[in-house]
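# A look at the structure
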Amino acid sequence: MEILTPAEMAQADHNAERAGVPTWQLMQAAGEAVASEALKRFAKAGRIAVLCGPGNNGGDGYVAAACLLADSGLPVEVWRSGKPRAGSDAARAAGKWSGAVGELEDFSPQPDMLVIDALYGAGLARELESSDRRALERVRAAGSQVLAVDLPSGLSGLSGAVFGDALQADCTVTFFRPKPGHLLYPGRSLCGELVLADIGITAGVLSDIAPQLWENGPEVWLHALPRPSAIAHKYQRGHVVVLSGKMSATGAARLSAEAAARAGAGAVTVLSPPDALAALATHLTATMLHRFDAPDDVLTFAEQRKVQSLVCGPGFGTGEKQMAVVSALLQQGETPLVLDADAITLLAKDRDAFLKARTGEKPPLVLTPHEGEFARLFSDLAEDKMLSKVERARMAAKRAMAVVIYKGADTVIAAPDGRAVINTNGTVWLATAGSGDVLAGLVAALLAQGTSPFEGACAAVWIHAEAGRREGFGMTAEDLPQAARKVLAELISR
């Protein structure tokens, strides 16, 4: 499913009009869809109040009000925040409403009322007027149910940020394609259940828009998942290396290694500093173990043993020796890298040198920062509140010439060429120690089996989240590799 920015949605409307679907017809269909959803979900509401803005969102509201009055027999009220522009579709819609129209400042919501918020849609790019905000405050105080048209008023359709104030909707009806603000927090939490209504725009309108943002899901990457050949030996199924840290911090590397093995890598080796060998040998069985003392040891092993991907960062440490290893890995040009946790912290220590050196996409690189790590590595992007999470991830990916997994409840994955996805199947159960180490191993396993960095990252994030969702309450990171294996097994059997 493509995700359209507000500007791209406006272009889709324009393209639909050029293809013979008048904008008035789209407004009619949108209002009817809102009315239908209101009757289906809120039939027990005692009264319905439709709050209409002066633009097209308000026009949708006027149409919905007329449909509700005609179809339900319920008392329907209309309150406006401004008069539609003369000659506009919104003015035409307002003219179709036969009832009274009150001024928004006089609106007094009630607890048994359904409020249809049609003040401003996804195109809003400024703070609400004080009178609008006071009306929203009164709705909130009354405890009325809320159905939002396109997007709760006060939310940015581009970023999901709140412009001063926005209602918590029970349901949001949007049209044709979702917008970033529906899926990025805090907007995602304020939209309630999202309903995507068909209003007569066909997918053909997207041909010249060429969207580069999608909702993450199997449709994006299922075709790219590795399916091992019947005659492949273990190294042809992918050899993953995970670098371990010191003796007291081996658990993170072991989680990454276990995840890589469960995600189909034919061979997994943990490279260990001398002092951690004994601790690792106690726990590892199917995973191989090899000692390294210096950066050259890692590079030599990767070349001689035909390593197809390498994980560095989980529990690795942030000292000078570890910095030398990360620098060496970035200077080699073949083995795909997954840099997580401590490795990202090391990059941030000499960020300018790292970014200057990334003039191409060799070695292939996937970065997996959470919010704090992203802020350390890309501080100017993190501090720019005018940028959406998608925009920050895209700019970071281009700078680093890497696929960036910008983690969080609304994880965004971005590639240097501008492609990006928003992940929507995340779960609170993933907020547990070691969860990110498992994700790094999953990414590495898919890269080692030949999946491209972008598709591999997208698949790993979705599989990781789905595994966490299925395991649920009480899950620890140790449960995730086996749960991810089950999800992946179902996917490759499709």
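Refer to the structure above for everything that follows.
This write-up is about the structure you can find in this document. In this text, all values refer to a predicted model and were calculated from it rather than measured experimentally. (Residues numbered from 1 in each chain as written. Predicted model: local features only at pLDDT ≥ 70, side-chain atom pairs only at ≥ 80, totals over all residues. Heavy atoms only, no water.)

## Some words on the layout of surface pockets
There is about 600 Å³ of room inside the largest pocket. Around the largest pocket sit 22 residues that line it, and Asp-13, Asn-56, Asn-57, Asp-60 and Asp-150 are the ones nearest its centre. Only helix H1 (6-18), helix H2 (23-41) and helix H3 (56-72) provide two or more residues apiece to the lining of the largest pocket. Tallied by class, the residues present in the lining of the largest pocket amount to 11 nonpolar, six polar and five charged. (1 Å grid on protein atoms, 1.4 Å probe; cavity = no way out; pocket = protein on both sides within 12 Å on 5 of 7 lines; lining within 4 Å. Points joined across faces, edges and corners; volume = space filled by probe spheres on them. Helix = DSSP H or I, 4+ residues; strand = E, 2+ residues; numbered from the N terminus. Nonpolar A, V, L, I, M, F, W, Y, C, P; charged D, E, K, R; others polar.)

## Here's the deal with the packing of aromatic side chains
Under the criterion given, the structure shown has five aromatic pairs. On the basis of an interplanar angle of 55 degrees and a centroid distance of 5.7 Å, the ring pair of Trp-221 and Trp-462 is categorised as tilted. Note that Trp-221 is positioned in helix H8 (residues 218-221) and Trp-462 in helix H19 (residues 453-471), a separation of 241 residues in sequence. According to the relative accessible area criterion, Trp-221 is buried, its value standing at 0%. Note on Trp-462: relative accessible area 14%, which makes it buried. (Phe/Tyr/Trp six-rings, centres within 6.5 Å; stacked < 30°, edge-to-face > 60°. Buried < 20%, exposed > 50% of the residue type's maximum accessible area, 1.4 Å probe, protein only.)

## Re the nonpolar core
In this structure, Trp-221, Ile-413 and Ile-463 are the most contacted members of the largest nonpolar core, which totals 55 residues. For this core, the secondary-structure elements that each account for two or more residues are H8, strand S9 (239-243), helix H9 (251-262), strand S10 (267-272), strand S15 (403-406), helix H18 (435-448), H19 and helix H20 (480-492). Beyond its immediate sequence surroundings of up to four residues, Ile-413 is in contact with Asn-216, Val-403, Val-404, Ile-405, Arg-419, Ala-420, Val-421, Phe-454, Ala-457, Cys-458 and Val-461. Within the second largest apolar cluster, 48 residues are counted, among which are Val-298, Phe-316, Val-326 and Ala-348. (Core = buried A, V, L, I, M, F, W, Y, C linked by side-chain atoms within 4.5 Å. Contact = heavy atoms within 4.5 Å.)

## Some points on empty space enclosed by the protein
To find leftover empty space, a probe the size of one water molecule is rolled over the atoms. The full count for this structure, using the stated rule, is one cavity of 30 Å³ or more. Put simply, the parts of the chain that give the lining of the largest cavity at least two residues each are H18, H19 and H20. No other element matches H20, which puts three residues into the lining of the largest cavity. Grouping the constituent residues of the lining of the largest cavity by class yields seven nonpolar, no polar and two charged.

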